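Summary of the model geometry
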Amino acid sequence: MEWKLFADLAEVAGARTVRVDVADADATVGDALDALVGAHPALESRVFGDDGELYDHINVLRNGEAAALGEAAAAGDELALFPPVSGG
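Notes on the structure follow. Fair warning: this is a prediction, and the values are worked out from it, not measured in the lab.

Ranked by size, the top nonpolar core spans 24 residues in total, and within it Trp 3, Leu 5, Leu 33, Leu 36, Val 47 and Leu 81 carry the most contacts. Where this core is concerned, the elements lending two or more residues are β1 (2-5), α1 (8-13), α2 (29-39) and β5 (78-82). If one sorts the elements of this core by residue count, α2 sits on top with five residues. Residues in contact with Leu 36, not counting those within four places in the same chain, are Trp 3, Leu 5, Val 18, Val 20, Leu 43 and Leu 81.

A few words on the side chain of Asp 77. In this fold, Asp 77 is placed in the loop between β4 (65-66) and β5. Those residues in contact with Asp 77, other than ones at most four positions away along the chain, are Met 1, Glu 2, Arg 62, Asn 63 and Ala 72.

Since the α-helix packs 3.6 residues into each turn, any two residues three or four apart lie on the same face. Turning to α2, its buried residues are Val 29, Gly 30, Ala 32, Leu 33, Leu 36 and Val 37. All buried residues of α2 fall inside an arc of 160 degrees around its axis, so they share one side. Lining the buried residues of α2 we find β1, β2 (17-19), α3 (44-47), β3 (59-62) and β5.

So, on to the sheet that holds β4. Read across the open sheet, the five strands follow the order β2-β1-β5-β3-β4; overall the sheet is mixed. Strands at the two margins of the open sheet, each flanked by one partner only, are β2 and β4. Looking at chain direction, β1 and β2 are connected through three bridges and run antiparallel. Bridging from a neighbouring strand, Lys 4 pairs with Thr 17 of β2. Packing of α2 onto the sheet brings it into contact with β1, β2, β3 and β5, and relative to β1 it is tilted by some 70 degrees.

Below, the discussion takes up the pattern of salt bridges. This structure, assessed with the given rule, holds five salt bridges. Its salt-bridge partner being Glu 78, residue Lys 4 comes within 3.5 Å of it at the nearest N-O pair. Of the two residues, Lys 4 sits in strand β1 while Glu 78 sits in strand β5, which places them 74 residues apart along the sequence. Its relative accessible area of 28% is what places Lys 4 among the partly exposed residues. Its relative accessible area of 36% is what places Glu 78 among the partly exposed residues.

Looking at the secondary structure, you find Asp 56 in the loop between α3 and β3. Judged by its relative accessible area of 81%, Asp 56 falls in the exposed class. It is 9.7 Å that separates the C-alpha atoms of Asp 56 and Pro 84, two residues lying 28 residues apart in sequence.

The rules behind these values
Residues numbered from 1 in each chain as written. Predicted model: local features only at pLDDT ≥ 70, side-chain atom pairs only at ≥ 80, totals over all residues. Heavy atoms only, no water. Core = buried A, V, L, I, M, F, W, Y, C linked by side-chain atoms within 4.5 Å. Buried < 20%, exposed > 50% of the residue type's maximum accessible area, 1.4 Å probe, protein only. Helix = DSSP H or I, 4+ residues; strand = E, 2+ residues; numbered from the N terminus. Contact = heavy atoms within 4.5 Å. Arc of directions from axis to C-beta. Pairing = 2+ DSSP bridges. Axes fitted to C-alpha atoms, helices over the stretch in contact; angles between N-to-C directions. Salt bridge = Lys/Arg side-chain N within 4 Å of Asp/Glu carboxyl O.

Shown next, in the form of structure tokens:
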């Protein structure tokens, strides 16, 4: 699976696009996010609160649509992670 990272998340990871492997055939978006954070641990504090839950202000997309962490994810999916963005 491939993650596209935006804004400061790309800076923290050192790349705008990150490929992750999730071996489980029943993989979820959450599994793919865990793999991303495992490969780039500095992202953890940017996307997860102290309680281990995804921050409300972080948007996760799967194939261009809003996605829940429990949603199924497949090998060819494009995942995206957006932090809050401001400006005009």
